[in-house]
Amino acid sequence: MNLILLGPPGAGKGTQAKFIVEKYGIPQISTGDILRHAVKERSELGLKAQAYMESGALVPDDLVVSIIRDRLTWGDAAKGFILDGFPRTVAQADALAVMLSGASMAIDHVVSITVSVDELVERVVGRLTCRGCGRGYHLKFDPPKTASVCDVCSADLYQREDDREETMRSRLDAYAAQTAPLIEYYAAKGLLRPIHGVGSIQEIQSAISSVLAG
Ligand code: AP5
C-alpha cells in the first residue's frame, strides 16, 4: 500500500504514521525528519534547508523532490510506503506522479487530516520530540511517563526550533497558500480520504484504519 499523509503542521501525521508502519509493515518517509537530520549533520542539504525551515517556509521543491526520488529506490519502499509531509506543493505532486509512473507504481490513498487552527497551535507549541529516536510527545495530550525523558529510548526530549508560536503561524500560512490546493488535486483523482483529526489519538487511528480497510 502506498500512502500520502496530508495535513497542516500539528495535524497528527507523524503520530498516526507510527501505527500504520506497525500495522502494514511499510516505512514512514518523512521529508521533515530527513531534513532535520541533514541540518543536524550540517550536510550540504542541511545547510541549504536550514534557513527556510527556521523561518517556517517550505524548502525549495527541487531539494525535496530529489530526497524522495532517492528514498523511493531503497529496497524497503518496494512493498509500500507512507509519505509524511510530501508532497507539499502542486509541483511536488506532479513530480511524484512522474516518478511513480516511471516505476510502475501508484498512490492508493491520500489521507487528509483536518484540525482547527487553534488546536493546531496548541498541539505544536506543546510538542516535545525525542532527541534519540524522534518519537513525538505532547505535554498535555501525550506526556512521557517521566518528564523530559523518552519512554522508548530514554534520551532527552526537546522542543523543535520551528515549534515556537510565531514560526508555527508562518508554517500555517505556507500550508494554506502552497499545500492546501493538494486537497482538490487529489480529490479530482479520486484518491482523497478525509479524516476529521480531532479526538483521541486512538480515535483518529480507528478512523484511518477504517478508511484503509475500506
Ligand atoms: P515537518 O516535519 O513535515 O512538519 P509539519 O508538516 O509542519 O508537521 P509536524 O511534524 O509539525 O506535525 P504532524 O502533523 O506530524 O503532527 P504530530 O503527529 O507531530 O516539516 C518541517 C519543515 O520542513 C517544514 O516547515 C518545511 O520547512 C520543511 N519541509 C518538510 N517537508 C517539506 C516538503 N515536502 N517541501 C518543502 N519543505 C518541507 O502531532 C503534533 C502534536 O500533537 C504532538 O505533540 C502530538 O503528540 C499531538 N497530537 C497528535 N495527535 C493528537 C490528537 N489526536 N489529539 C491531541 N494531540 C495530538
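In short, a report on the structure.

Calculation rules
- Residues numbered from 1 in each chain as written.
- Predicted model: local features only at pLDDT ≥ 70, side-chain atom pairs only at ≥ 80, totals over all residues.
- Heavy atoms only, no water.
- Near = heavy atom within 4 Å.
- Polar contact = N/O pair within 3.5 Å; in protein donor to acceptor, adjacent residues only side chain to side chain.
- Areas by Shrake-Rupley, 256 points an atom, 1.4 Å probe, with all protein chains shown as cover.
- Helix = DSSP H or I, 4+ residues; strand = E, 2+ residues; numbered from the N terminus.
- Core = buried A, V, L, I, M, F, W, Y, C linked by side-chain atoms within 4.5 Å.
- Buried < 20%, exposed > 50% of the residue type's maximum accessible area, 1.4 Å probe, protein only.
- Contact = heavy atoms within 4.5 Å.
- Expected span 1.5 Å × (residues − 1).
- Arc of directions from axis to C-beta.
- Axes fitted to C-alpha atoms, helices over the stretch in contact; angles between N-to-C directions.
- Parallel < 35°, antiparallel > 145°, perpendicular 65-115°, else oblique.
- Left-handed = near helix turned anticlockwise from the far one by under 90°.
- Nonpolar A, V, L, I, M, F, W, Y, C, P; charged D, E, K, R; others polar.
- Salt bridge = Lys/Arg side-chain N within 4 Å of Asp/Glu carboxyl O.

1. Some remarks on the site of the ligand
- Near the ligand you find 34 residues, and of these Thr15, Ala57, Arg88, Arg127 and Arg171 are the closest.
- Within the backbone of Gly85, an N or O atom sits 2.9 Å from a nitrogen atom of the ligand.
- At 2.6 Å from an oxygen atom of the ligand is found a side-chain nitrogen or oxygen belonging to Arg127.
- Protein chains shield 96% of the accessible area of the ligand, which is 1000 Å² for the free molecule.
- The set of elements that each furnish at least two residues to the shell around the ligand consists of α1 (13–24), α2 (31–41), β6 (136–138) and α9 (201–213).
- In terms of residues, the shell around the ligand owes the most to one element, α2, which gives four residues.

2. Re the nonpolar core
- Grouped together as the largest cluster of nonpolar side chains are 29 residues, with contacts concentrated most on Leu72, Leu96 and Tyr186.
- Looking at this core, the elements with two or more residues in it are β1 (2–6), α2, α3 (44–55), α4 (61–71), β3 (81–84), α5 (90–102) and α8 (181–188).
- Per-element accounting of this core gives the leading share, five residues, to α4.
- Setting aside residues no more than four positions away along its own chain, Leu72 makes contact with Ile29, Ala77, Phe81, Leu96, Met99 and Leu100.
- Within the second largest apolar cluster, 20 residues are counted, among which are Leu3, Val111, Val124 and Leu172.

3. Here's the deal with α9
- An ideal rise of 1.5 Å per residue puts 18 Å on 13 residues; α9 measures up with 18 Å between its terminal C-alpha atoms.
- When α9 is considered as a whole, its buried residues turn out to be Ile204, Ile208, Ser209 and Leu212. Summarising the axial view, the buried residues of α9 lie within an arc of 140°, below the 170-degree limit, and thus occupy one face. Exposed and oriented more than 90 degrees from the buried face of α9 are Gln202, Glu203, Ser210 and Ala213.
- Looking at the buried positions of α9, the neighbouring elements they touch are β1, α1, β4 (109–114) and β8 (192–196).

4. Digging into the packing of α4 against α5
- The contact between α4 and α5 brings their axes to 10 Å, and the two run at 30°. What the angle tells us is that α4 and α5 run roughly parallel. Considering the relative orientation of α4 and α5, their crossing is right-handed. On the side of α4, the interface is formed by Asp61, Val64, Val65, Ile68 and Arg69, while α5 contributes Ala91, Gln92, Ala95, Leu96 and Met99.
- In terms of residue class, the contact of α4 with α5 is built from seven nonpolar, one polar and two charged.

5. Quick look at unusual backbone geometry
- Put simply, Phe86 and Pro87 share a cis peptide bond, and its omega is -5°.
- Of note in the backbone geometry, Ser148 takes a positive phi value of approximately 65° without being a glycine.
- With respect to the helices and strands, the residue Ser148 is situated in the loop between β6 and β7 (157–158).
- On the basis of relative accessibility, which here comes to 42%, the residue Ser148 falls in the partly exposed class.

6. Re the pattern of salt bridges
- Applying the stated rule across the entire model yields 13 salt bridges.
- A salt bridge links Arg160 to Asp162, with the nearest nitrogen and oxygen atoms 3.0 Å apart.
- The partner of Glu165 in a salt bridge is Arg169, and the shortest N-O contact between them spans 3.1 Å. Of this pair, Glu165 and Arg169 are both found in helix α7 (residues 165–179), four residues apart, which corresponds to roughly one turn of the helix.
- Judged by relative accessible area, Glu165 falls into the partly exposed class, the value being 42%.
- Taking relative accessible area as the criterion, Arg169 reaches 36% and is therefore assigned partly exposed.
- Here the salt bridges do not stand alone but share partners, grouping Arg127, Arg160, Asp162, Asp163 and Arg171 into one network.

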